[in-house]
Amino acid sequence: MTESAMTAVSGIDERAAAMQPCQIGIHALCCKHCMMGPCRLMNENRKSVCGADQALVVARNILRFAAGGAAAHCGHARHTLDFLGKRAPRRYIRKKAPPYLYELWDSIGVLPSRDGDGHFFDISEAIHLTTFGVDADFRDILRWCLRIGIIDGYFGLYLATGLEHGKWGFPKPRRATVSLGCIDPGKVNIAIHGHEPLAASALVEEAARHENVNLVGVCCSGVSLQARYGVPLAAHVTLQEDVVRTGLIEAMVVDVQCVMPSLSEMCECFHTRLITTSGIGRMPNAIHLPVTDAGSAAEMARKVIGIAGEGKTKRRPGAEAEFLAKAGKPVKALVGFSGRSVDAKGLWERYEKKRIRGFIAVVGCVSPRSDRDAWVTMFRELSEEYVIFTTGCMGFEFARAGLLDGERFFHLGSCVNNAHIAEIFRAISEEAGRRIDEMPFLVSAPMAVTEKCVAIGLFFAALGCSIHLGYPHVFSANQQVVSCLEETLGDLFKSRILLCDHPRNLYGRIRENGL
Ligand code: XCC
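None of the values given here were measured: they were computed from a predicted structure.

Rules used throughout
- Residues numbered from 1 in each chain as written.
- Predicted model: local features only at pLDDT ≥ 70, side-chain atom pairs only at ≥ 80, totals over all residues.
- Heavy atoms only, no water.
- Donors = N, O, S within 2.8 Å, 3.2 Å for Na, K, Ca; no water.
- Helix = DSSP H or I, 4+ residues; strand = E, 2+ residues; numbered from the N terminus.
- Buried < 20%, exposed > 50% of the residue type's maximum accessible area, 1.4 Å probe, protein only.
- Near = heavy atom within 4 Å.
- Nonpolar A, V, L, I, M, F, W, Y, C, P; charged D, E, K, R; others polar.
- Salt bridge = Lys/Arg side-chain N within 4 Å of Asp/Glu carboxyl O.
- Contact = heavy atoms within 4.5 Å.

Draft legend 1. Looking closely at the coordination of the nickel atom of the ligand. Coordination of the nickel atom of the ligand by the protein comes from His-195 (NE2) and Cys-220 (SG), over a distance range of 2.3 to 2.4 Å. On the criterion of sequence distance, the pair formed by His-195 in the loop between strand 4 (188–193) and helix 8 (197–207) and Cys-220 in helix 9 (residues 219–229) is long-range, its members being 25 residues apart. A single burial state applies to His-195 and to Cys-220, both of which are buried.

Shown next as structure tokens:
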């Protein structure tokens, strides 16, 4: 094993501890948008070489995070459209958004002005206006953040979710298995990792013809395959290397997003063949089998099954016994809820009869920089008073803790399936005869990892939900930015932004904000 391979093999938690985050960048206080810098604006009185103040730098950084996240979600939707040979829908936001919100966004100037693929131009404009010497008004940049959040929500989350359900079917509630224990030492194991359904669904169809093949999912591809087909979910984002490290994975098939570059070296340390399927997600040492339509997806799936079948004989001797001695049994969890299968009327009645205080959506990533168990414990306690909806990698943590019961905790799928949560919020508020912002809805991203979390948070903020951000607080370093966001959202919706990175403090923050 080479030295660099050894580095890849050490765990993500160890590497996070060894790589302390930059204390300037973590608060979005570093401007590196031109080559006179990077300028570090550690206090409110400093200005960058070009004269940008701290509020401007922080606002620009938030918008760039949001644009990155929206590009990923809208790119996912666009790739799915291409795969299906469809065009981008017209007037989609108008059709999907509650009419009162559409008018409100129009009246305050945050409604995306373009349509269809024109939304990509708005994402590009967000990058343009944050380059050197364009938009110097941080308040205008924060309005752009809401605009990009709206685009992310509808042209990303809603569109991707709708296309997937239309082509591959609606998820339904089911009991499914979670954890590394899903890997079967007696079978050919293929892991599917990433986000888009294009390659993943074809593999599920092909694998069904081969009794000796065990498919397992990783991250959001895994979550959506589990919700739709009941495919076991082996790992979330911080455990992806551990899947390969079992020594029992013959092929790791990846597409886009949250696929750690370390997998390339990690697979080299074992017999695992790394297979890339997206033209924008290439990796060193990988076999590239591009998927662009149904034909290439089916061909890729046949080849992967062949490659993996040959690989099983190359496992390290003793790998099976080692795995069986260490791996626990898979955990059973209730997954696969959607806007269709959650009873909004029943939930509203529980609230109206004061059996619960409100509804919390716990979305997104888990981070090696946060105490994952402490957050799970906090939300377990909160579930005594609130109904919890969850998606993405947080859902895996709740599943492992045995919390996904379809009563207090509902698993709504992958991160683009946060569209389900938006639809459920809308349905509950319609049952109540109120607006979304008049309801006790909190959206929490306790352990953000990717830029997508920022875009999702801004989308829910634009809907009128209160927002909780755990670690890190990219919004919090500049008081002008915080005040502007709080005042804007408070005036529009009376919603709150809770910045709280200690799980123990969250309950108090929720209660003191009247949620
Ligand atoms: Fe985050 Fe989506 Fe990635 Fe997991 S997989 S780390 S975006 S929760 Ni979606």
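Draft legend 2. Structural detail: the site of the ligand. Close to the ligand lie His-195, Cys-219, Cys-220, Val-237, Cys-258, Gly-364, Cys-365, Cys-393, Cys-415, Thr-450 and Lys-452, which account for all nearby residues. Here the residues of the shell around the ligand sort into seven nonpolar, three polar and one charged.

Draft legend 3. Local environment of the pattern of salt bridges. Summed over all chains, the structure comprises 21 salt bridges. Across the salt bridge formed by Glu-241 and Arg-15, the nearest N and O atoms sit 2.7 Å from each other. Taken together, the residues span a long stretch of sequence, with Glu-241 in helix 10 (residues 240–245) and Arg-15 in helix 2 (residues 12–18) at a distance of 226 residues. Notably, a salt bridge pairs Arg-504 with Glu-381, separated by 3.1 Å at the nearest N-O pair. In this pair, Arg-504 sits in helix 20 (residues 503–512) while Glu-381 sits in helix 15 (residues 372–382), placing the two residues 123 residues apart along the sequence. Of the residues examined, Arg-504 reaches a relative accessible area of 56% and is grouped as exposed. Residue Glu-381 is classed as partly exposed on the basis of its relative accessible area, which comes to 32%. A single network of salt bridges, built from pairs that share partners, joins Arg-15, Glu-241, Asp-242 and Arg-245.

Draft legend 4. Inspection of the environment of Cys-145 at higher detail. For Cys-145, the location among the structural elements is in helix 7 (residues 138–168). Overall, the relative accessible area of 1% leaves Cys-145 in the buried class. In this structure the C-alpha to C-alpha distance between Cys-145 and Asp-405, which are 260 residues apart in sequence, comes to 35 Å. Beyond its immediate stretch of four places on either side in the chain, Cys-145 contacts Ile-62, Leu-63 and Leu-458.

All we've got here are geometric facts, nothing functional implied.
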